[in-house]
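# Descriptive structure summary
Each chain, letter by letter, is given below.
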Amino acid sequence: FNLVYTDSNGVSQTISSTKDPEVYWINPVFSNESIDKNTTNIVVNSSNDVVNYSVNYSVKVEDIEKNSTVTTTIIDTLPYEIDLSKSNLNGGVYDNATKTITWTINRSVVSFTEELNINETINYSVVYKNFANVSSLQNNNLINTVSGQTTVNGKTSTGVNDDASVSVNIKGNLNVS
């Protein structure tokens, strides 16, 4: 290869080599991504009943270049609006229009990292409000979906969802304001 440049005196200089230059491109690789959402079996009978949730997200990221930001985003899509004054979102941001809670966790990686195992556990509680029509709920359950993904230098993991184990039983008459 030849490298041509102009030195500080304005004179053109050339550096030559018979070897190819070594170029490193580090591309993060994601694997073992999973998310799991759980709740205790709660009977909601009033507008003050608290529903406790726990979300566990994990992913393995390999080959992270130095000075990178690793961003994990977890989004819980709720079936109904929540009463923010009675809920504890543990740092999550609630969007009433979409009925979602979003957690964004940033990590700085200052040196090349061969492997980073991310394990996030978020415990939070909500109080639902404005149930549309309790009798129309499928099998008397509230079901919501949580998703998670991680981004490194513009490359995003596939992402994962869980909604299988997330139900809250509704029993009796529910009067919610």
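Cut-off values and rules
Residues numbered from 1 in each chain as written. Predicted model: local features only at pLDDT ≥ 70, side-chain atom pairs only at ≥ 80, totals over all residues. Heavy atoms only, no water. Core = buried A, V, L, I, M, F, W, Y, C linked by side-chain atoms within 4.5 Å. Buried < 20%, exposed > 50% of the residue type's maximum accessible area, 1.4 Å probe, protein only. Helix = DSSP H or I, 4+ residues; strand = E, 2+ residues; numbered from the N terminus. Contact = heavy atoms within 4.5 Å. Phe/Tyr/Trp six-rings, centres within 6.5 Å; stacked < 30°, edge-to-face > 60°. Pairing = 2+ DSSP bridges. Axes fitted to C-alpha atoms, helices over the stretch in contact; angles between N-to-C directions. Salt bridge = Lys/Arg side-chain N within 4 Å of Asp/Glu carboxyl O.

### With respect to the nonpolar core
Counting 28 residues, the largest nonpolar core has Ile74, Ile82, Ile101, Tyr124, Val126 and Tyr128 as its most contacted members. Elements with a minimum of two residues in this core: strand S3 (29–39), strand S5 (51–64), strand S6 (68–77), strand S8 (100–109), strand S9 (113–126) and strand S11 (145–152). Looking at this core, the element that brings in the most residues is S5, giving seven residues. Apart from residues lying up to four places away in sequence, isoleucine 74 is in contact with Ile35, Val55, Tyr57, Ile101, Thr102, Trp103, Glu120, Ile122, Val146, Ser147 and Gly148.

### Some remarks on the environment of valine 61
Relative to the assigned elements, valine 61 resides in strand S5. Separated by 30 residues in the primary sequence, valine 61 and serine 31 have C-alpha atoms spaced 6.6 Å apart.

### What to know about unusual backbone geometry
Its identity is not glycine, yet lysine 99 carries a phi of approximately 55 degrees, on the positive side. Here lysine 99 lies in the loop between strand S7 (93–95) and S8. For lysine 99, a relative accessible area of 27% translates into the label partly exposed.

### Examining the packing of aromatic side chains
Summed over the entire model, instances satisfying the criterion amount to two aromatic pairs. Residues tryptophan 103 and tyrosine 124 carry aromatic rings whose centres are separated by 4.7 Å and whose planes lie at 50 degrees to one another, so their mutual orientation is tilted. One end of the pair, tryptophan 103, is in strand S8; the other, tyrosine 124, is in strand S9, with 21 residues separating them in the sequence. Judged by its relative accessible area of 3%, tryptophan 103 falls in the buried class. We classify tyrosine 124 as buried; its relative accessible area is 3%.

### Description of the sheet that holds S3
Reading across from one edge, S3-S5-S9 is the order of the three strands in this open sheet, with antiparallel pairing throughout. The two strands at the open ends of the sheet, each matched to only one other strand, are S3 and S9. On average, adjacent strands in this sheet sit at an angle of 10 degrees to one another, irrespective of strand direction. Here S3 pairs with S5 via nine bridges, running antiparallel. Following the sheet pairing, asparagine 38 is matched in S5 by serine 54.

### Considerations on the pattern of salt bridges
Summed over all chains, the structure comprises four salt bridges. Aspartate 76 serves as the salt-bridge partner of lysine 37, at 2.4 Å between the closest nitrogen and oxygen. Taken as a pair, lysine 37 in strand S3 and aspartate 76 in strand S6 lie far apart in primary sequence, 39 residues in all. Aspartate 76 carries the same exposure label as lysine 37, and that label is buried. As a salt-bridge pair, glutamate 120 and arginine 107 come within 2.2 Å of each other at their nearest N and O atoms. With glutamate 120 in strand S9 and arginine 107 in strand S8, this residue pair connects regions lying 13 residues apart in the sequence. Classification of glutamate 120 as buried rests on a relative accessible area of 15%.

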